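# Close look at the chain arrangement
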Amino acid sequence: MTAPVRQILEDVRQAIVAAAIADPETNAALDSDTIKIDYLPRFTPEDLKNLRVVLAPRQDSSQKISRSTREHEVGIQIAVMQTAAPGTERFTQLLDLTSELDKALADADIESGTWSRSEVILYDVAALEQHGAFRSVITAYLKHRN
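About the thresholds
Residues numbered from 1 in each chain as written. Predicted model: local features only at pLDDT ≥ 70, side-chain atom pairs only at ≥ 80, totals over all residues. Heavy atoms only, no water. Helix = DSSP H or I, 4+ residues; strand = E, 2+ residues; numbered from the N terminus. Expected span 1.5 Å × (residues − 1). Buried < 20%, exposed > 50% of the residue type's maximum accessible area, 1.4 Å probe, protein only. Contact = heavy atoms within 4.5 Å. Pairing = 2+ DSSP bridges. Axes fitted to C-alpha atoms, helices over the stretch in contact; angles between N-to-C directions. Core = buried A, V, L, I, M, F, W, Y, C linked by side-chain atoms within 4.5 Å.

### Some details on helix α1 (residues 3-18)
Between the first and last C-alpha of α1 there are 22 Å, a value that for 16 residues agrees with the 22 Å anticipated at 1.5 Å per step. Turning to α1, its buried residues number three or more, namely V5, I8, L9, D11, V12, R13, A15 and I16. Buried residues belonging to α1 abut β1 (35-37), β2 (52-64), β3 (70-83), α2 (89-107), β4 (114-121) and β5 (133-145). Of the residues one or two after α1, A20 is the one with positive phi, at around 55°.

### Things to note about the sheet that holds β3
One key point about sheets: their strands pair by backbone hydrogen bonds, in either a parallel or an antiparallel sense. In space, the five strands of this open sheet follow the order β1-β2-β3-β5-β4, with mixed pairing throughout. Since the sheet does not close on itself, it has two edges, and those belong to β1 and β4, each with one partner. Averaged over all pairs of adjacent strands, the angle between their axes in this sheet comes to 25°, without regard to strand direction. Examined bridge by bridge, β2 and β3 share twelve bridges and lie antiparallel to one another.

### Examining the nonpolar core
In terms of nonpolar packing, the biggest core is built from 30 residues, with V12, I16, L30, I78, L97 and L101 touching the most fellow members. Taken together, the elements giving at least two residues each to this core come down to α1, β2, β3, α2 and β5. Ignoring sequence-local partners within four residues, the contact set of L101 consists of I16, I21, L30, V80 and I138. Membership of the second largest hydrophobic core comes to six residues, among which are V54, A79, A133 and V137.

### Focus: the side chain of R90
In this fold, R90 is placed in helix α2. The buried category is assigned to R90, whose relative accessible area is 9%.

### A look at the pairing of β3
Judged by how many residues are buried, β3 sits mostly within the fold: eleven of 14 residues are covered. What sits between the antiparallel neighbours β2 and β3 is a turn of five residues. The pairing of β3 with β5 spans 13 bridges and is classified as antiparallel. By the bridge assignment, E73 is partnered in β5 with K143.

This is the structure we're talking about:
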């Protein structure tokens, strides 16, 4: 992975921290300890007793703009994960948290790029059925030039 992608991940993490989004269950703001950069985010149900917010790169496409300039679009996935059964208050809180993260990202000023779009999978049915775990994934796309 290239250094620009690592920098974008760190910029996204700092933007989420700066947005001061609180976990509705604890009212504690998400911080750098809660938001992890993880290139292979796999967890057991035991690991998901506490809230996990994980950032991972998923794609990097580029297009030549001029002889010396390329425009890149980097796809970053932000996963919200925790053990929570459908219909519970915590499940609803995690849906709300995902929505807040998506809004915050759309409004965030990222030094290393500009947002082009995002896609949200509200929750993963298979993760709920197999592990009783809530998993929501926001895929945000940033454009940057070099």
